[in-house]
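As a plain string of letters, each chain reads:
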Amino acid sequence: MAVVGVLALQGSYNEHLAALRRIGVRGVEVRKPEQLLGLDSLIIPGGESTTMAKLANYHNLFPALREFVSGGKPVWGTCAGLIFLANKAVGQKTGGQELVGGLDCTVHRNFFGSQLQSFETELSVPKLAEKEGGNDTCRGVFIRAPAILDVGSDVEILADCPVPANRPSITISSGEGDEKCIPKIE
């Protein structure tokens, strides 16, 4: 039986562990580096990414997480987990936060605004239906959600959430003199 670790520092780790149990997969809470040993895959759940980063630093988890990710085993990050896995993050608090990296993308924290701007929408995911069968749409829930602004050439995009062109924009700097204007939902 596959053993899936769930980073259990803060956030929705209990919900992920319960979902794993429902489908007959053994889930293990991960709070210390040695708990990554023997895992077949890892889930980094949603939560508050700054708090998760502080706790990961406190428990000296970043080196072990980076080693796990670079080892090629499957890793899934939702919301704060996406931020953790991104190679680059923008829209962070002053000083930023440490990232695990490994996913060739640039993510913007809280791109869609505060809790009050949270929303749900149907997303077209035809490749999921091709591989798994069933409906080619999926309900997307955006609660203080990050957005992926840019991806590397080896990243396959399965779905996107169009942002209306009439929205205010934010300017993203790569730190190398390149800038992009991207609409932002307020």
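Within each chain, residues carry numbers counting from 1 in the order of the written sequence. A pLDDT threshold of at least 70 governs which residues receive local features in this predicted model, and a stricter bar of 80 or more applies before side-chain atom pairs are shown or counted, although totals over entire chains, interfaces and linings include all residues. The side-chain numbers reported here are obtained from all heavy atoms of the structure, hydrogens and water having been left aside.

Student: Go over the sheet that holds strand E2 (residues 26-30), please, and point to the residues and values.
Tutor: Reading across the sheet, the four strands line up as E2-E1-E3-E4 and stay open at both edges, with parallel pairing between neighbours. One side of each edge strand has no neighbouring strand; the edge strands of this open sheet are E2 and strand E4 (75-77). Within the sheet, the average angular offset between the axes of one strand and its neighbour, ignoring direction, is 25°. Strand pairing follows a simple DSSP-based rule, namely that at least 2 bridges must link the two strands. The way it works is that DSSP assigns letters per residue, a run of H or I at least four long becomes a helix, a run of E at least two long becomes a strand, and they are numbered from the N terminus. Of the strand pairs in this sheet, strand E1 (residues 3-7) and E2 are connected by five bridges, and their pairing is parallel. From the neighbouring strand, Val 3 faces E2, where its bridge partner is Arg 26. Orientation is described by axes fitted as lines to C-alpha atoms, over the contacting stretch for helices, and by angles from 0 to 180 degrees between their N-to-C directions.

Student: I'd like a description of the side chain of Gln 97, backed by residues and values.
Tutor: Along the chain, Gln 97 falls in the loop between strand E5 (86-90) and strand E6 (103-108). Here Gln 97 falls in the buried class, since its relative accessible area comes to 14%. A 3.5 Å cut-off defines polar contacts: any pair of N or O atoms within that distance qualifies, except that in protein one atom must be a possible hydrogen donor and the other a possible acceptor, and neighbouring residues in sequence count only when both atoms are side-chain atoms. In this structure the side chain of Gln 97 is engaged in a polar contact, spanning 3.2 Å, whose partner is the side chain of Ser 49. Contact definition: two residues touch when any of their heavy atoms are within 4.5 Å. Beyond its immediate stretch of four places on either side in the chain, Gln 97 contacts Ser 49, Thr 50, Ala 53, Ile 83, Phe 84, Gln 92 and Arg 109. A 1.4 Å probe rolled over the protein chains alone gives each residue an accessible area, and that area as a share of the maximum for its type sets the label: buried under 20%, exposed over 50%, partly exposed in between.

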